Each structure stands twice: as structure tokens, then as C-alpha cells.
Amino acid sequence: MSSPWLYLAIFALAVLDGFFPIVPAETSVITAGVFAATGQTNLALVILVAGLGALAGDHISYLIGHKSGGRLRDKKAFVWARKALDERGGLVLVIARYIPGGRTATTITMGAVRYPLRSFTFFDVIAASSWAVYSGLIGFFGGMAFENDPIKGLLLGLGIAVTITVVVEAVRWFRKRSQNSPRVLVEAAQNSSQDS
């Protein structure tokens, strides 16, 4: 874990994760964070290379979308992202960074819809750096809790990350379900008919 090649590996995994989402970039950052608690890695450097890798990977994904934009126009993700971008802009990019698969769909679609590159970069710096800090610190605090047993620290860090992801997805699912409930739809239809 103390090899300088570790930082190159973290960077490469974070780049690949930007457009090939089955790569375990978050796991590698959490793992390196765990070992930073024991002094075997440098936490600041782990966070820096992970953030830079994520930023580079997201820009590659954006460019893929930009080049293939015409072929994606009928895709469901394209329609969703176009609508979301019209309403919320770069906030979608920051939130999508934490949704498995959502990040890649969003960055590709932002390129396909020709979202302004300067705005994309601004919001992506926030998304990539917050993700790197989050992942690195989860590992670090897990490693501190089990300083003499890094495997338990790793399991704790991964458990926290999975739990946070599940809670966020559950809240999102329940909010979406409540917005589409029959009562809400009836009220929306009544309000619409009263306005006309």
C-alpha cells in the first residue's frame, strides 16, 4: 500500500469509472483511506488523485456524449437528463456523482445535449472533489476505528458507503412514489382544470 504506483492506480480507476461504471474506483479510494489511518498512504494525495481522475473520466464521458449526441436522442436517459438540465443545470451533475450508473448517463447526456463545457467543468470540479473527499474520509475514519485491523476498517468504510447509498436511493424512491400517487395526480389535475 505504500508504493507510489498506488496513486497512479487510484487515478486510473477513477478515470475509467467516469465512462465505464463497473470499475471499482470508490472501493479503491475507501481502501486507500483505510490505510491512510495507519500511515501507509497519504490521505491528501489519495483524495487529490481520486478527484483529478474522476474529473478527467467525467470529461471523457462528456466528450463521448458530445461526439455521439445524435444517436442518443431517443434514449430514455437522454430525455430525463435534458428535462433535468433545463430545470436544475449542474446540480444534477453533482447529485449524479453519487448515484451508481447515474453519473455516466448524466455526463454522456450533458455532452450530447451540448451543455456548456465551462459550466460542466465548474460543477464537475465540485462533484469530483466532494466524491473524493467523501470516499477518502469514509475509509480514513473506518481505518481509525480499527487501526490494528485494517480489514475491519475497510468493511466498516464500505458498509457506511453502501448504507448511505441505500438510504439516498430509498428516499428518492419514496419521494418519487409519493409524487405519483393517485391523490397527488388528482390534485394536480384539479388545479390544472381550475387554472384553465
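All figures in this text were calculated on a predicted structure; none of them were measured in a lab. (Residues numbered from 1 in each chain as written. Predicted model: local features only at pLDDT ≥ 70, side-chain atom pairs only at ≥ 80, totals over all residues. Heavy atoms only, no water.)

1. Quick look at the pattern of salt bridges
Should their charged atoms come close, side chains of opposite charge can pair.
Piece 1. Under the defined criterion, the tally for this structure stands at 2 salt bridges.
Piece 2. The salt bridge involving R103 is made with D17; its shortest N-O contact spans 2.7 Å. Here R103 is found in helix α6 (residues 102–112), whereas its partner D17 is found in helix α1 (residues 5–19), with 86 residues between them in sequence. This pair shows no difference in class: R103 is buried, exactly as D17 is.
Piece 3. R97 is the partner of D58 in a salt bridge, and the nearest nitrogen-oxygen pair spans 2.7 Å. Within this pair, whereas D58 is found in helix α3 (residues 43–67), its partner R97 is found in the loop between α5 (91–96) and α6, the two being separated by 39 residues in sequence.
Piece 4. A residue is classified by how much of its surface remains accessible, and D58, at 1% relative accessible area, is buried. (Salt bridge = Lys/Arg side-chain N within 4 Å of Asp/Glu carboxyl O. Helix = DSSP H or I, 4+ residues; strand = E, 2+ residues; numbered from the N terminus. Buried < 20%, exposed > 50% of the residue type's maximum accessible area, 1.4 Å probe, protein only.)

2. Observations regarding the environment of M144
Piece 1. As for its position among the elements, M144 is in helix α7 (residues 117–145).
Piece 2. For the pair M144 and A36, spaced 108 residues apart in sequence, the C-alpha to C-alpha distance is 8.9 Å.

3. Examining a nonpolar patch on the surface
Piece 1. On the surface, W5, L8, F11, L45, L48 and L52 cluster together into a nonpolar patch covering about 600 Å² of accessible area.
Piece 2. Sorting the residues of the nonpolar patch by element identifies α1 and α3 as the ones contributing at least two each.
Piece 3. Its place among the elements puts L45 in helix α3.
Piece 4. Residue L45 is classed as partly exposed on the basis of its relative accessible area, which comes to 32%. (Patch = residues over 30% accessible without salt bridge, like charges linked within 9 Å, V, L, I, M, F, W, Y side chains within 5 Å. Areas by Shrake-Rupley, 256 points an atom, 1.4 Å probe, with all protein chains shown as cover.)

4. A few points about the environment of F123
Piece 1. Within the secondary structure layout, F123 lies in helix α7.
Piece 2. For F123, a relative accessible area of 25% gives the class partly exposed.
Piece 3. Residues F123 and V92 lie 31 residues apart in sequence; the distance between their C-alpha atoms is 9.1 Å.
Piece 4. Not counting chain neighbours up to four residues away, the residues in contact with F123 comprise G90, L91, L93, V94 and Y115. (Contact = heavy atoms within 4.5 Å.)

5. Points about helix α2 (residues 25–36)
Piece 1. Counted at 1.5 Å a residue, the expected span for α2 with its 12 residues is 16 Å, and the 16 Å between its end C-alpha atoms agrees.
Piece 2. Counting buried residues in α2 gives 10 out of 12 residues, a clear majority hidden from the surface. (Expected span 1.5 Å × (residues − 1).)

6. Structural notes on unusual backbone geometry
Piece 1. The residue R114 is not glycine, and still its phi comes out positive at about 60°.
Piece 2. The topology assignment puts R114 in the loop between α6 and α7.

7. Focus on the environment of G65
Piece 1. With respect to the secondary-structure elements, G65 resides in helix α3.
Piece 2. Given a relative accessible area of 0%, G65 falls into the buried group.
Piece 3. Along the sequence, G65 and A112 sit 47 residues apart, while their C-alpha atoms lie 4.4 Å from each other.
Piece 4. In this view, G65 contacts I108, G111, A112 and R114; residues no more than four positions away in its chain are not counted.

8. Things to note about the UniProt feature "transmembrane region" (unreviewed entry) in the protein chain
Piece 1. In the numbering used here, UniProt assigns the "transmembrane region" (unreviewed entry) feature to residues 43–65, 120–142 and 154–174.
Piece 2. Helix makes up 100% of residues 43–65 and strand 0%, with an end-to-end C-alpha separation of 33 Å.
Piece 3. Across residues 120–142, helical content stands at 100% and strand content at 0%; the span's end C-alpha atoms are separated by 32 Å. (UniProt positions renumbered as here; feature names shortened; annotations may be inferred.)

9. What to know about the nonpolar core
Piece 1. Counting 19 residues, the largest nonpolar core has I10, V29, V46, A50 and W131 as the members making the most contacts within it.
Piece 2. The set of elements that each furnish at least two residues to this core consists of α1, α2, α3 and α7.
Piece 3. The biggest single contributor to this core is α3, with 6 residues.
Piece 4. Ignoring sequence-local partners within four residues, the contact set of V46 consists of Y7, I10, V29, A32 and T41.
Piece 5. Within the second largest apolar cluster, 7 residues are counted, among which are Y62, L85, Y115 and F120. (Core = buried A, V, L, I, M, F, W, Y, C linked by side-chain atoms within 4.5 Å.)

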